[in-house]
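Below, each chain spelled out in residue letters.
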Amino acid sequence: LARLRRSVMEVAMRCPGRLACMSVYVVGFALSAAGSACAGAWTQAKGEGLAIVTTARRVAPMGALTGGPVSSDTNISQIYLEYGLLDGLTIGAKSYIELSTTDLTSSSASLGGFVRKRVWQDGRGGVASVQFGYAHPIESLLGGVFANSEPGAVPEAHLAGLYGRGWAGDWGRAFIST
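Residues numbered from 1 in each chain as written. Predicted model: local features only at pLDDT ≥ 70, side-chain atom pairs only at ≥ 80, totals over all residues. Heavy atoms only, no water.

Participant: Looking at this structure, how should I read the pattern of salt bridges?
Facilitator: Oppositely charged side chains can pair when the atoms bearing their charge come close. Under the counting rule described, the total for this entry stands at four salt bridges. In this structure, Arg-118 and Asp-87 form a salt bridge, with 3.5 Å as the shortest nitrogen-oxygen distance. With a gap of 31 residues between them, Arg-118 in strand β4 (residues 108–121) and Asp-87 in the loop between β2 (72–86) and β3 (89–100) connect regions that are remote in the sequence. Residue Asp-87 is classed as exposed on the basis of its relative accessible area, which comes to 57%. In this structure, Asp-122 and Arg-124 form a salt bridge, with 3.6 Å as the shortest nitrogen-oxygen distance. Salt bridges here are not isolated pairs; linked through shared partners, they connect Asp-122, Arg-124 and Arg-165. (Salt bridge = Lys/Arg side-chain N within 4 Å of Asp/Glu carboxyl O. Helix = DSSP H or I, 4+ residues; strand = E, 2+ residues; numbered from the N terminus. Buried < 20%, exposed > 50% of the residue type's maximum accessible area, 1.4 Å probe, protein only.)

Below, the structure written as structure tokens:
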């Protein structure tokens, strides 16, 4: 990995548009390192699970570009879990917290869960599933800065049809899911 990082940096230093060049290499490396398809339309094997923890910061710098304050600055944390209950049947849960540091009344939080059932799979990487899910806003339970935010937040339920297609070649594996 250190040798790969060093060779990428050497190429990037010779490239006239270093930031653009570095972006192309990083995206290319990320795509080539993709593992087997998870989430989306795919179901987990019986007894296997998946956990994804995501943190992000979203800044809308419109004011900062003109010399003023940032118009919005938000920190986001998400935990996503899946578990294969039976072959072709996956259950999951998700927590989502969005905390605004510029406007405390626009923060939000929710907890939810879902059940995904695989209904079709071919031998060439195609899969179709149906999923039912539910998410409930939890701002009032958290108190503090969340107590007065998103007063109109309501529970959400969804029923979705999902399709995914995976393939492999000499360059590696990839998938697309809708």
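That covers the picture; the talk isn't over yet.
Participant: Sorry, what's going on with the pairing of β4 here?
Facilitator: Remember that side chains alternate between the two faces of the sheet whenever the strand is regular. Looking at chain direction, β3 and β4 are connected through 10 bridges and run antiparallel. The residue bridging Ala-93 from the neighbouring strand is Gly-113, located in β4. Summarising the sheet, β4 and strand β5 (residues 126–137) pair through 11 bridges and their orientation is antiparallel. What sits directly across from Ser-110, in β5, is Pro-137. Linking β4 to β5, which pair antiparallel, is a turn of four residues; within it Gly-125 sits at a positive phi near 105°. (Pairing = 2+ DSSP bridges.)

Participant: Honestly, the packing of aromatic side chains in this entry has me stumped. Any pointers?
Facilitator: The description of an aromatic ring pair rests on the distance of the ring centres and on the angle between the ring planes. Evaluation of the coordinates by the stated rule reveals three aromatic pairs. Taking 5.9 Å as the distance between ring centres and 20° as the angle between the ring planes, the aromatic pair formed by Tyr-80 and Phe-114 counts as stacked. A residue pair is termed long-range when its members are at least 10 positions apart, and Tyr-80 in strand β2 and Phe-114 in strand β4 qualify at 34 residues. Considered together, Tyr-80 and Phe-114 belong to a single accessibility category, that of buried residues. Each ring, one from Trp-120 and one from Tyr-163, has its centre 6.4 Å from the other, and the planes form 20°; the classification is stacked. With Trp-120 in strand β4 and Tyr-163 in strand β6 (residues 156–169), this pair connects stretches of sequence that are 43 residues apart. For Trp-120, a relative accessible area of 40% corresponds to the partly exposed category. (Phe/Tyr/Trp six-rings, centres within 6.5 Å; stacked < 30°, edge-to-face > 60°.)

Participant: What should I look at first to understand the pairing of β6 in this one?
Facilitator: Pairing analysis gives 10 bridges linking β5 to β6, with the strands arranged antiparallel. Pairing of Phe-132 across the sheet is with Leu-159, part of β6. In this structure, the hairpin formed by β6 and strand β7 (residues 172–177) is closed by a connection of two residues.

Participant: Where do I start with the sheet that holds β6 in this structure?
Facilitator: Two modes of strand pairing occur in sheets, parallel and antiparallel, and in both the strands are linked by backbone hydrogen bonds. One open sheet accounts for seven strands, arranged β1-β2-β3-β4-β5-β6-β7; its pairing is antiparallel. Looking at strand neighbours, the two that pair on one side only are β1 (49–60) and β7, the edges of this open sheet. Across the sheet, the mean angle from the axis of one strand to that of its neighbour is 25°, orientation sign disregarded. Direction of pairing for β1 relative to β2: antiparallel, over a ladder of 12 bridges. Along β2, the bridge assignment pairs Thr-55 with Ser-77. (Axes fitted to C-alpha atoms, helices over the stretch in contact; angles between N-to-C directions.)

Participant: Help me out: how do you make sense of a nonpolar patch on the surface in this one?
Facilitator: Taken together, the side chains of Tyr-83, Leu-85, Leu-86, Ile-91 and Val-115 make up a nonpolar region of the molecular surface, amounting to roughly 400 Å² of accessible area. In terms of residues, the nonpolar patch owes the most to one element, β2, which gives three residues. Position of Tyr-83 relative to the elements: it lies in strand β2. Classification of Tyr-83 as partly exposed rests on a relative accessible area of 39%. (Patch = residues over 30% accessible without salt bridge, like charges linked within 9 Å, V, L, I, M, F, W, Y side chains within 5 Å. Areas by Shrake-Rupley, 256 points an atom, 1.4 Å probe, with all protein chains shown as cover.)

Participant: Which parts of the structure should I look at to understand the side chain of Thr-90?
Facilitator: Turning to its location among the elements, Thr-90 is positioned in strand β3. Here the side chain of Thr-90 touches Gln-44 through a polar contact of 2.7 Å, landing on its backbone nitrogen. Excluding anything up to four places from it in sequence, Thr-90 contacts Thr-43, Gln-44, Glu-82, Tyr-83, Gly-84, Leu-85, Phe-114, Val-115 and Arg-116. (Polar contact = N/O pair within 3.5 Å; in protein donor to acceptor, adjacent residues only side chain to side chain. Contact = heavy atoms within 4.5 Å.)

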